[in-house]
Amino acid sequence: MEHNLPGAADQAGFLIDLSNVVRDRSLGGPGARSLHRFRLVVKALTRLTGDPGVQVYPVADRSLLGAAREFTDRAEVAVLRRWIGEGLVEQVGDADQRLLELMELTSAAHTRTVTGDRFTAHRREYPWIQGNTDRFLKPVAGPSGTVRLVPLDMGVCTEGEISRADELAAFKKQGLLKQSDQPLTRVVNRFWRCPEPRCTAYDPRGGRVLLPRMSKGVPTCEMHCVPLTDAGSRPAMAQLKVMVDGKCKGRYTVEDGSRTGIGRQPADGIALYGLLPPAVAARISREHVVVSAEGGILLVRDVSTYGTQMRTAERHGRPGSWRRLSPGQDRRFGPGDEVELTPGVMLTRSARRFPAELAAAWRNAARNRPAPQGASLPTSLG
Ligand SMILES: [Zn+2]
């Protein structure tokens, strides 16, 4: 086995997303984590390349050994520790980030990565992932306990999908996701305050509010390493963007419980006349649509003279079709949906969601896929 581990990425033909492989129960072997799955992957690479000495470079998250008790075979923990100690396996805080860096560095050599991960959250930073079909291999269970490798079609993710994955990754990094990929809403939906008097990292008046980091089950200040105190519930918010000819001309925050008129010049609300050429502004009603937020859900209602078109967010590269809004009726305005006031003038939602919507989306995602064995049961969300 060790003759397959050169201990240097530039000498390897394949990078291995080790945490992803070791945790993949579909590859067989008992337990939540098994190094046997990695051995099966190396065997598969041997068959794929016809080279028994195929060189691989595994990268692991620090958390892989952090939960060592999840390895059924404790001897594997010792082996992994030794490999890390000898530099045969690279251990880092964020393996995804490191793997993609290494893939860029080794792009001339066309080094491929074995993983089941789609790296959705990283596609803004590494645009070459979009649509790639030849640099990722996914391990799948083969006949009689073997593993084979299939090219992974990365597909093209929409802006909305990337933002949501990005958000999920941010929560995960702070320890704010449960094992079932649900956010800890009791933490996420509240504001927090650091007892250190001069610390404003969690102050909602300070613009960008840090997410608390969970430490031993307690929300903690990252700078001062002290438990944060509860500073009340976080009002759900959404961000609206006004797009004129495809360019963002204004961003507005809508708070939960609010009602905002948007039009050429509404009595109270968002006035667009200053953003538009007069001829275009003339096609927009004084108050054209009303956007309201209730319980974390955003709604849009057409109140215009000439009507409003809407289409729903793209799903896997295909947007919904344009439909006219029924006048005077509220319609769900989701992230990625587009509302057209007149040709060339569009209202969209920033892809960042309300915490409440995030929670619901994750709850649904968890429901639609088989729960991993040993995962905690979904608890009700606060
Ligand atoms: Zn602090």
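The rules behind the values
Residues numbered from 1 in each chain as written. Predicted model: local features only at pLDDT ≥ 70, side-chain atom pairs only at ≥ 80, totals over all residues. Heavy atoms only, no water. Helix = DSSP H or I, 4+ residues; strand = E, 2+ residues; numbered from the N terminus. Buried < 20%, exposed > 50% of the residue type's maximum accessible area, 1.4 Å probe, protein only. Contact = heavy atoms within 4.5 Å. Areas by Shrake-Rupley, 256 points an atom, 1.4 Å probe, with all protein chains shown as cover. Donors = N, O, S within 2.8 Å, 3.2 Å for Na, K, Ca; no water. Tetrahedral: all angles 85-135°; square planar, octahedral: opposite > 155°, others 65-115°. Pairing = 2+ DSSP bridges. Axes fitted to C-alpha atoms, helices over the stretch in contact; angles between N-to-C directions. Polar contact = N/O pair within 3.5 Å; in protein donor to acceptor, adjacent residues only side chain to side chain. Core = buried A, V, L, I, M, F, W, Y, C linked by side-chain atoms within 4.5 Å. Salt bridge = Lys/Arg side-chain N within 4 Å of Asp/Glu carboxyl O. Phe/Tyr/Trp six-rings, centres within 6.5 Å; stacked < 30°, edge-to-face > 60°. Lys NZ or Arg CZ within 6 Å of the ring centre and 35° of its normal.

J.: Teacher, can you tell me more about the overall build of the chain here?
T.: Looking only at helices and strands, one finds 9 helices and 21 strands in the chain. Within the span of the chain, comprising 382 residues, buried residues form 44% of the whole. Here the analysis covers contacts within the chain between residues at least 6 apart in sequence; of these, 60% occur between residues at least 24 apart. Split by element, the accessible area of the chain, about 19400 Å² in all, is 50% carbon and sulfur.

J.: Is there a simple way to explain the coordination of the zinc ion in this structure?
T.: Around a metal, the ideal angle is 109.5 degrees if four donors adopt a tetrahedral arrangement and 90 or 180 degrees if six donors adopt an octahedral arrangement. Distances from the zinc ion to its protein donors, C194 (SG), C199 (SG), C221 (SG) and H224 (ND1), fall within 2.1 to 2.4 Å. For the zinc ion, the 4 donor atoms in the first shell make angles of 104 to 115° at the metal, so the coordination geometry reads as tetrahedral. Here C199 falls in the buried class, since its relative accessible area comes to 12%.

J.: Got a minute to help me understand the sheet that holds strand β14 (residues 269-271) in this structure?
T.: What holds strands together in a sheet is hydrogen bonding between their backbones, with the strands either parallel or antiparallel. Read from one edge of the open sheet, 5 strands run β14-β13-β15-β16-β19, paired in mixed fashion. The open sheet has two free edges, formed respectively by β14 and β19 (330-332), since each of these has just one partner strand. Neighbour-to-neighbour, the strand axes of the sheet open up by a mean angle of 25°, direction not taken into account.

J.: Even after reading the chapter, I still don't get the environment of W83, so can you show me in this structure?
T.: Residue position: W83 is located in helix α4 (residues 74-85). With relative accessibility at 1%, the residue W83 sits in the buried group. Taking the C-alpha atoms as reference points, W83 and E2, 81 residues apart in sequence, are found 8.6 Å from one another.

J.: Help me understand helix α5 (residues 95-105), please; the structure alone is not making it clear to me.
T.: Each α-helix winds once per 3.6 residues, and so residues spaced three or four apart point in a common direction. Here α5 has its buried residues at A95, D96, Q97, L99, L100, L102 and M103. With a side-chain oxygen positioned 3.2 Å from the backbone nitrogen of D96, the residue opening α5 is D94.

J.: Would you explain the nonpolar core in this entry?
T.: Side chains of a nonpolar character, in soluble globular proteins, are inclined to be buried together. I16, L18, F38, L45 and L80 are the most contacted members of the largest nonpolar core, which totals 31 residues. Contributing elements (two or more residues each) for this core: β1 (14-17), α1 (18-22), α2 (36-49), β2 (56-61), α3 (62-66), α4 and β6 (147-151). No other element matches α2, which puts 6 residues into this core. Setting aside anything within four residues of it in sequence, one finds L18 in contact with F38, P58, V59, A60, L64, L80 and V89. Formed by 24 residues, the second largest nonpolar core is a distinct cluster that contains A238, V242, V291 and M310.

J.: Sorry if this is basic, but what is going on with the pattern of salt bridges here?
T.: Working definition: two side chains of opposite charge can pair if their charged atoms are close together. For the coordinates displayed, the defined rule picks out 9 salt bridges. Here D330 makes a salt bridge to R301, at a shortest N to O gap of 3.1 Å. Remark: R301 occurs in strand β16 (residues 297-302) and D330 occurs in strand β19; sequence separation between them is 29 residues. A single salt-bridge network, built from bridges that share partners, covers E2, R82 and E86.

J.: I keep staring at unusual backbone geometry and nothing clicks. Help me out?
T.: Most peptide bonds take the trans form, and the phi angle of most residues other than glycine is negative. The backbone phi angle of C225 is positive, close to 55°, even though this residue is not glycine. By the element assignment, C225 lies in the loop between β9 (218-220) and β10 (229-233). Within the chain, D245 stands out as a residue other than glycine whose phi angle is a positive 50°. By relative accessible area, D245 is classed as exposed at 63%.

J.: What's the story with the packing of aromatic side chains in this structure? I'm lost.
T.: To describe a pair of aromatic rings, one takes the distance between the centres and the angle between the planes. The tally for this structure, following the rule as stated, stands at 4 aromatic pairs. Residues F38 and W83 carry aromatic rings whose centres are separated by 6.0 Å and whose planes lie at 70° to one another, so their mutual orientation is edge-to-face. Taken as a pair, F38 in helix α2 and W83 in helix α4 lie far apart in primary sequence, 45 residues in all. No difference in accessibility class separates F38 from W83, as the two residues are buried. Here the aromatic rings of F119 and F136 are separated by 5.6 Å at their centres, their planes lie at 40°, and the arrangement is tilted. With F119 in the loop between β4 (112-114) and β5 (136-141) and F136 in strand β5, the pair connects residues that are 17 residues apart, well separated along the chain. F136 matches F119 in its accessibility class, with the two residues each being buried. An aromatic cluster is present here, built from F119, Y126, W128 and F136 joined pairwise through their rings. Lying across the ring of W128, R135 places its NZ or CZ 5.6 Å from the centre.

J.: I tried to follow the pairing of strand β21 (residues 345-349) on my own but got confused; where do I start?
T.: Looking down a regular strand, the side chains alternate between one sheet face and the other. The buried fraction of β21 amounts to 5 of the 5 residues, a majority that puts the element mostly inside the structure. Taking every second residue as pointing to the same face, both faces of β21 are buried, with V345, L347 and R349 on one and M346 and T348 on the other. With 4 bridges joining them, strand β20 (residues 338-342) and β21 adopt antiparallel strand pairing. Paired with V339 across the bridge in β21 is L347. The hairpin turn running from β20 into β21, its antiparallel successor, is 2 residues long, and G344 in that turn takes a positive phi close to 95°.

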